[in-house]
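Survey of secondary and tertiary structure
Here is what each chain is made of, one letter per residue.
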Amino acid sequence: GFQGIDLLPLDLEKMSTSLPTDTELTTNANTLLSASHEREIKNYQQEINLEITEIKTKIELTNQNATIQIEQVNELYEQSLKKIQGQIASSGLINSSIIIDKTAQLEQEKNAKITEINLNCDSEVASLTAKKTALEKKLADSSTYFSTIHSKEKTAKVIELKDAYKIYNPGENEVRALD
């Protein structure tokens, strides 16, 4: 079967490959690291978005609680007003200065309590909004934040790749690391 085929003698010469350029090494480093870097940024952004969502929920709950408290104050005011009106009807003191003073005092207490509820709510919402704004800035800056860290990792990876090429493809003046 194999007759008639002339095999030429094998000529062994030193095989050499050229070292990749810095640009090629940088491209390789980027390729090797990009997936983990993207995952790292995405995870970081997801954590921040989760915190922002929690803060938005707290703001909604704070506003709802304030609304409920104000409704309760108004209900108590109406109940107290009905009691006073009941006392007026039973005592016949319609124009009494005591009744007028009591009604005015009740109105003042109601307004003061509603003001206190609103101030507490506004203070809590302002604090939560400040935290949310800080997180939103952190989110917006996340790519820039990681670019510094990632560029250092890429530089280290380029050096690592260069060293690997030097080991497996020693030049004339380089010491062979693996002999």
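Quick caveat: nothing in here was measured; it's all calculated off a predicted structure.

1. Topic: the overall build of the protein chain
Within the protein chain, the regular secondary structure consists of three helices and zero strands. Ordered by position in the sequence, the α and β elements of the protein chain form the string α-α-α. A total of 179 residues make up the protein chain; the buried ones form 22% of that total. The long-range share in the protein chain, meaning contacts at least 24 apart out of those at least 6 apart in sequence, stands at 85%. Summed over its atoms, the accessible surface of the protein chain is roughly 13900 Å², and 55% of this surface lies on carbon and sulfur atoms.

2. Digging into the environment of Thr 103
Checked against the element boundaries, Thr 103 lands in helix α2 (residues 97-140). For Thr 103, a relative accessible area of 26% translates into the label partly exposed. The sequence separation of Thr 103 and Leu 81 amounts to 22 residues, and the corresponding C-alpha distance is 7.1 Å. Not counting residues up to four positions away in its chain, the partners in contact with Thr 103 are Leu 81 and Ile 84.

3. Considerations on the packing of aromatic side chains
In this structure the tally under the stated criterion is three aromatic pairs. Between Tyr 44 and Tyr 145 the ring centres are 5.8 Å apart and the planes differ by 20 degrees, which places this aromatic pair in the stacked class. One end of the pair, Tyr 44, is in helix α1 (residues 22-91); the other, Tyr 145, is in helix α3 (residues 142-168), with 101 residues separating them in the sequence. On the basis of relative accessible area, Tyr 44 is assigned to the buried category, the value being 18%. For Tyr 145, a relative accessible area of 46% puts it in the partly exposed group. Ring plane angle 85 degrees and centroid distance 5.0 Å describe the contact between Tyr 44 and Phe 146, whose orientation is recorded as edge-to-face. With Tyr 44 in helix α1 and Phe 146 in helix α3, this pair connects stretches of sequence that are 102 residues apart. The buried category is assigned to Phe 146, whose relative accessible area is 5%.

The rules we used
Residues numbered from 1 in each chain as written. Predicted model: local features only at pLDDT ≥ 70, side-chain atom pairs only at ≥ 80, totals over all residues. Heavy atoms only, no water. Helix = DSSP H or I, 4+ residues; strand = E, 2+ residues; numbered from the N terminus. Buried < 20%, exposed > 50% of the residue type's maximum accessible area, 1.4 Å probe, protein only. Contact = heavy atoms within 4.5 Å. Areas by Shrake-Rupley, 256 points an atom, 1.4 Å probe, with all protein chains shown as cover. Phe/Tyr/Trp six-rings, centres within 6.5 Å; stacked < 30°, edge-to-face > 60°.

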